[in-house]
Amino acid sequence: MIEVLWHGRGGQGAFTAARLLGAAASLDGKRHALAFPSFGPERRGAPMRAFTKIDTVQIGDRSAVSKADFVIYLDGTLLAPGWERELKLGGICLVNTAEALDDPRLLPIDADGLATELLGRPIPNTVFLGALAQLADCVDRESVEEAIRQYMPPKLHEGNIKVVERAIALVQQADVAGHEESAGGESAGQAVTAAETVTALHRSAHSSAEHMPQLFTTVPEPSAYADTTCYTAGYLTQVNAGWRNVRPVLDADACTGCLQCYLYCPDGAIFKVAGQNKTGVSVDIDLDFCKGCGVCAAACKFDALSMAPEANAKEA
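A brief look at the structure comes next.

Quick notes on the rules
- Residues numbered from 1 in each chain as written.
- Predicted model: local features only at pLDDT ≥ 70, side-chain atom pairs only at ≥ 80, totals over all residues.
- Heavy atoms only, no water.
- Salt bridge = Lys/Arg side-chain N within 4 Å of Asp/Glu carboxyl O.
- Helix = DSSP H or I, 4+ residues; strand = E, 2+ residues; numbered from the N terminus.
- Buried < 20%, exposed > 50% of the residue type's maximum accessible area, 1.4 Å probe, protein only.
- Pairing = 2+ DSSP bridges.
- Axes fitted to C-alpha atoms, helices over the stretch in contact; angles between N-to-C directions.
- Patch = residues over 30% accessible without salt bridge, like charges linked within 9 Å, V, L, I, M, F, W, Y side chains within 5 Å.
- Areas by Shrake-Rupley, 256 points an atom, 1.4 Å probe, with all protein chains shown as cover.

## A word on the pattern of salt bridges
Overall, the coordinates contain 12 salt bridges when judged by the stated rule. We note a salt bridge from Glu 117 to Arg 166, for which the minimum N-O separation is 3.2 Å. Here the residue Glu 117 occupies a position in helix 2 (residues 111-119), and Arg 166 occupies one in helix 5 (residues 157-184), the gap between them amounting to 49 residues. Here Arg 166 falls in the partly exposed class, since its relative accessible area comes to 31%. Connected through shared salt-bridge partners, Arg 141, Glu 142, Glu 145, Glu 146 and Arg 149 make up one network.

Written out as structure tokens, the structure reads:
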């Protein structure tokens, strides 16, 4: 059995990716797949996990995956000490980051950069489907693309298929670079297997023991992430680390001071102001700790709160 463990935040499409991977693997009828999520706080930005199991026989074990052949972090801030305990022997961990990683079991991919370039939004899930199409024998490019056509809205087909194709090409380039480096450089003779064959469904991926080739080096580097951005439950303990995609914007003229946003905010990022603040309302927003989940905007009945792209705020 091939097992894939997805780590992500609400809104990044981890469960969608888990389902698409299972669908792609089972399209030919020769394999069986199971995909399911595990949510904590069900809101945008909260950490969650999803699981995909693939086998040539029917799968009866519906328990969560504790050790996987592939562990995927859709958000690099979730990678924490002890990550290696989730890997099977010979497994590989794919991480959404533009940072160089010094462990040969870690494959850094700036999925946000690629998704933003091709989709206009940092939704990284199909980037990793493309990577898996290159690294795992249970799926290939054609099956992943067909799963996208069957299970995603038609308007998303073209862009996500381009993402998959680009990710496959870049993983191929990294694999070639790793072989060349191990054969002709200082690291000659030191090549190691990043993902050894676990079953007949699993393809090996090779790399240098001293350096894992970094993908997508041409895109801008993201904000530096804090080492301890949040507790396991999902609430922030340090200022926003750069993963928020949208932020609440307050229209002071439309606000009635009903405090529904304050009452419903799951992280206490909206707070009451003694008297009236400079915008003439009785609440304010702590953007350092706001997740951008949109609960406040949904709770507001007067359209005083709206969610605006984070990129717009950074450009302003």
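## Observations concerning the sheet that holds strand 5 (residues 87-96)
Taken in spatial order, the six strands line up as 2-3-1-4-5-6 in an open sheet, and their pairing is mixed. The open sheet has two edge strands, strand 2 (32-39) and strand 6 (106-109), and neither has a second partner. Averaged over all adjacent pairs, the angle separating strand axes in this sheet is 15°, with direction ignored. Sheet analysis places strand 2 next to strand 3 (residues 47-55), joined by eight bridges and oriented antiparallel. When the sheet's bridge partners are listed, Phe 39 is paired in strand 3 with Met 48.

## Quick look at a nonpolar patch on the surface
A cluster of nonpolar side chains, Tyr 262, Leu 263 and Tyr 264, forms an exposed patch at the surface whose accessible area comes to about 330 Å². Looking at the secondary structure, you find Leu 263 in helix 6 (residues 260-264).

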